[in-house]
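The chain contents come next:
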Amino acid sequence: MALLEVTEINAHYGRIQALRNLSLKVDKGEIVALIGSNGAGKTTTLRTISGLMHPGQGTIKFDGHDITRTGPEKIVDLGICQSPEGRRLFARMTVMDNLMMGAYTRRDPAQIKVDVEHVFELFPRLKERRNQIAGTLSGGEQQMCAMGRALMAKPKLLMLDEPSLGLSPILCDTIFSIVGEINSAGTPVLLVEQNARRALEVAHRGYVIETGVIVQTGTGKELLESEEVQKAYLGM
Amino acid sequence: MSVPATAQKRGPMWNRLRLRERIRDRDTAIFGILFITAVVWPMATIYATDSTFLIAQAGHAGTYVLLAIGLNVVVGFAGLLDLGYAAFFAIGAYTYALFASNQLASSPLHHEFHMPFWLMLFVGMVVAAVCGAILGFPTLRLRGDYLAIVTLGFGEIVPQLFYNFDQWTGGINAIGNIDQPSLPYWITGPWAEAGITTIKLVPNFSFAYDPVAFYVLIVILVILAVILVRNLHSSRLGRAWMAIREDEVAAAAMGINTVTTKLLAFAIGASFSGFAGAYYGASFGIVSPDSFLFTVSITVLVMIVLGGMGNITGVIVGALAIYFVLNNLLPALPAQVESLADSVGLGSLNVQNGDWPGLAGETQRIAFLLYGLILVVMMLLRPQGLVPSRVREQELKHDAVLEEETAVEQAHA
Ligand SMILES: Nc1ncnc2c1ncn2[C@@H]1O[C@H](COP(=O)(O)OP(=O)(O)O)[C@@H](O)[C@H]1O
Ligand SMILES: [Mg+2]
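Residues numbered from 1 in each chain as written. Chains lettered and ligands numbered in written order. Predicted model: local features only at pLDDT ≥ 70, side-chain atom pairs only at ≥ 80, totals over all residues. Heavy atoms only, no water.

**Topic: the layout of surface pockets**
Residue and element names in this part refer to chain B.
Working step 1: Considered as a void within the structure, the largest pocket measures approximately 1,000 Å³ in volume.
Working step 2: What lines the largest pocket is a set of 35 residues, among which H233, G310, S389, R390 and V391 lie closest to the centre.
Working step 3: Residue assignment for the lining of the largest pocket shows that the elements contributing at least two residues are helix 3 (26-49), helix 4 (53-77), helix 10 (211-234), helix 11 (236-246), helix 14 (294-308), helix 15 (312-343) and helix 18 (390-412).
Working step 4: Tallying contributions element by element places helix 18 first for the lining of the largest pocket, with five residues.
Working step 5: Taken together, the residues of the lining of the largest pocket break down into 11 nonpolar, 13 polar and 11 charged.
Working step 6: Taken as a whole, the second largest pocket spans an internal volume of roughly 770 Å³.
Working step 7: Residue lining of the second largest pocket: 28 residues in total, with L34, A38, Y215, I316 and L320 positioned closest to the centre.
Working step 8: For the lining of the second largest pocket, the secondary-structure elements that each account for two or more residues are helix 3, helix 4, helix 10 and helix 15. (1 Å grid on protein atoms, 1.4 Å probe; cavity = no way out; pocket = protein on both sides within 12 Å on 5 of 7 lines; lining within 4 Å. Points joined across faces, edges and corners; volume = space filled by probe spheres on them. Helix = DSSP H or I, 4+ residues; strand = E, 2+ residues; numbered from the N terminus. Nonpolar A, V, L, I, M, F, W, Y, C, P; charged D, E, K, R; others polar.)

**Structural notes on the coordination of the magnesium ion (ligand 2)**
As a benchmark, a tetrahedral metal site with four donors has ideal angles of 109.5 degrees, while an octahedral site with six donors has ideal angles of 90 or 180 degrees.
Working step 1: Looking at the magnesium ion (ligand 2), the protein donor atoms are T43 of chain A (OG1), E85 of chain A (OE) and E85 of chain A (OE), and they sit 2.0 to 2.7 Å from it. Of this pair, T43 of chain A sits in helix 1 (residues 42-49) while E85 of chain A sits in the loop between strand 6 (80-83) and helix 3 (95-102), and the two are 42 residues apart along the sequence. (Donors = N, O, S within 2.8 Å, 3.2 Å for Na, K, Ca; no water.)

**Let's talk about the packing of helix 6 (residues 117-139) of chain B against helix 13 (residues 258-284) of chain B**
Residue and element names in this part refer to chain B.
Working step 1: At a minimum axis separation of 6 Å, helix 6 and helix 13 run at an interaxial angle of 145 degrees. For the pair helix 6 and helix 13, the crossing hand works out as right-handed.
Working step 2: Its residues assigned to classes, the contact of helix 6 with helix 13 shows 18 nonpolar, six polar and no charged. (Axes fitted to C-alpha atoms, helices over the stretch in contact; angles between N-to-C directions. Left-handed = near helix turned anticlockwise from the far one by under 90°.)

This is the structure:
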């Protein structure tokens with residue numbers, strides 16, 4: 001059984017339907033990319049999985065638990081944590097405090113200390129700036145801090161919402177290669193991106209979402225080679 | 001040039017004291033100064049003025065310090081704009097007043113209660129905390145301006161209730177003759193009684209409207225509150241409040257239960273106010289609904305914003321500063337202006353003349369205009385507050401750097 005199994009969910013904002021019969025799954029060890037253009041419903045999908053909103057229909061199963069109607073704090077506890085769209089750091093708290101907020105639901109202080117060091121190994125920049133307030137970080141550093149914060153929850157599934165948004169090509173490279181590193185260390189990643197090429201290059205599998213519907217799926221390579229994807233998302 | 005001998009000697013001695021290292025940061029230094037001032041205040045003022053007036057005033061100011069510390073939990077830590085904070089103050093005061101006076105004898109209950117002050121201090125706190133949670137409940141989904149309006153409404157309703165349920169509360173007639181706290185026998189003991197002069201441990205220390213006793217009490221309460229809030233600030237809960245203040249959605253995404261965390265902010269903030277209310281009721285011996293109006297809420301809010309929101313030291317300094325302006329500076333101003341006019345030869349201005357009320361009268365008229373001006377000027381000079389938190393300072397510095405950068409860019413463009 002897959003780690004995360006989303007089955008035919010619908011989601012609404014008032015009367016606007018944002019997701020229609022959306023199904024996807026993430027297996028242990030995978031990077032799964034969810035690509036689509038602006039407004040397609042990618043963020044909504046992540047919000048629904050993390051319990052910030054609930055689907056009108058369908059089920060979400062994670063690691064053997066039905067989390068369709070579970071609240072966000074319980075879901076973090078079960079092992080899903082995300083770096084949300086736009087980073088959403090705690091601007092007036094230090095980098096260190098932001099990281100500690102990621103570990104909020106954990107009760108193993110000794111291990112938390114070890115994990116902070118891990119995060120600092122992954123993002124040496126954060127170590128330099130541990131006592132700086134997060135609002136004063138540069139865009140790339142903020143993204144690193146957001147990813148580090150999510151990692152501090154020690155998630156069984158890491159979800160990243162547009163981590164490359166607004167970053168220079170070089171920083172994008174860094175971020176995507178770190179996503180690869182995180183994954184090789186054993187954490188499955190659900191990666192939401194508009195930057196389809198980069199995402200599909202690093203991902204094992206991918207889904208293409210259009211106006212709340214999954215229109216295509218396959219391995220990263222298959223999608224990169226698919227004509228529809230090339231036309232719509234790779235500008236070819 | 002030769003260095004004076006005293007300075008040469010002084011250097012090493014200062015070094016040996018290592019004051020700089022001991023006073024690790026500015027906040028600790030300010031705490032130290034405040035604490036020492038608080039300790040010597042009664043002796044110093046009695047010596048200087050031969051009256052206990054300034055001690056009584058300091059006791060009253062202490063009430064506001066407590067209120068400011070409490071409101072800072074709600075507004076400064078958790079970022080929930082509460083404009084009705086005086087309501088909890090009223091609830092604390094009335095809780096004590098009702099159960100420690102003969103008021104309830106004339107109520108439909110026909111039975112008066114005289115509960116001990118020390119117990120009611122905590123009952124007042126708990127009742128206010130529960131009311132805080134009750135108010136918090138319907139407002140949890142609201143943010144920013146909406147929350148402010150609802151709390152504003154609550155602050156208007158509560159005094160009205162005390163005003164209108166006059167069968168119980170005496171309404172406009174207020175509740176008077178409130179019991180004075182008394183120390184338990186194991187503290188006063190036989191040795192404190194007047195006749196025995198050999199072992200007077202706490203001689204004549206009683207609360208019968210004795211400002212010194214109340215002053216000691218409020219200082220202890222404030223110190224307890226500071227210790228409590230400092231610990232809260234650095235606790236898990238404290239960090240959760242800050243996270244919610246910064247970004248509620250992200251906080252929820254990190255696994256913080258935003259509902260209980262916000263409720264706790266309201267409840268804990270309110271409990272300080274309840275505490276302060278019970279003290280207030282006892283120290284004045286009378287409570288009436290119009291002591292808890294909107295102006296009280298706003299004054300406390302001004303205190304924390306001006307002092308440096310979120311920073312406990314700043315909040316205390318702000319409370320004392322505003323208290324001083326409102327209760328000492330502005331009332332003394334008319335007389336001061338008058339004597340100033342006399343001494344510079346403008347004495348004629350002091351005389352009332354037609355529409356002109358005299359300089360003193362005019363000063364009194366514009367007292368609140370001056371208050372407003374003082375606030376505006378202070379905020380312009382120190383937008384971060386008198387003693388801001390480190391974080392706020394860093395942030396402002398960053399903003400300044402950004403501004404400079406854009407200015408430089410524009411200059412080069
Ligand atoms: N808070 C909201 N209220 C109403 N509609 C929303 C809200 N958030 C998103 N939507 C709508 O839902 C659809 C999907 O949005 P979203 O999931 O944010 O897309 P994406 O992340 O793929 O850009 C869009 O049509 C958007 O307008
Ligand atoms: Mg999005």
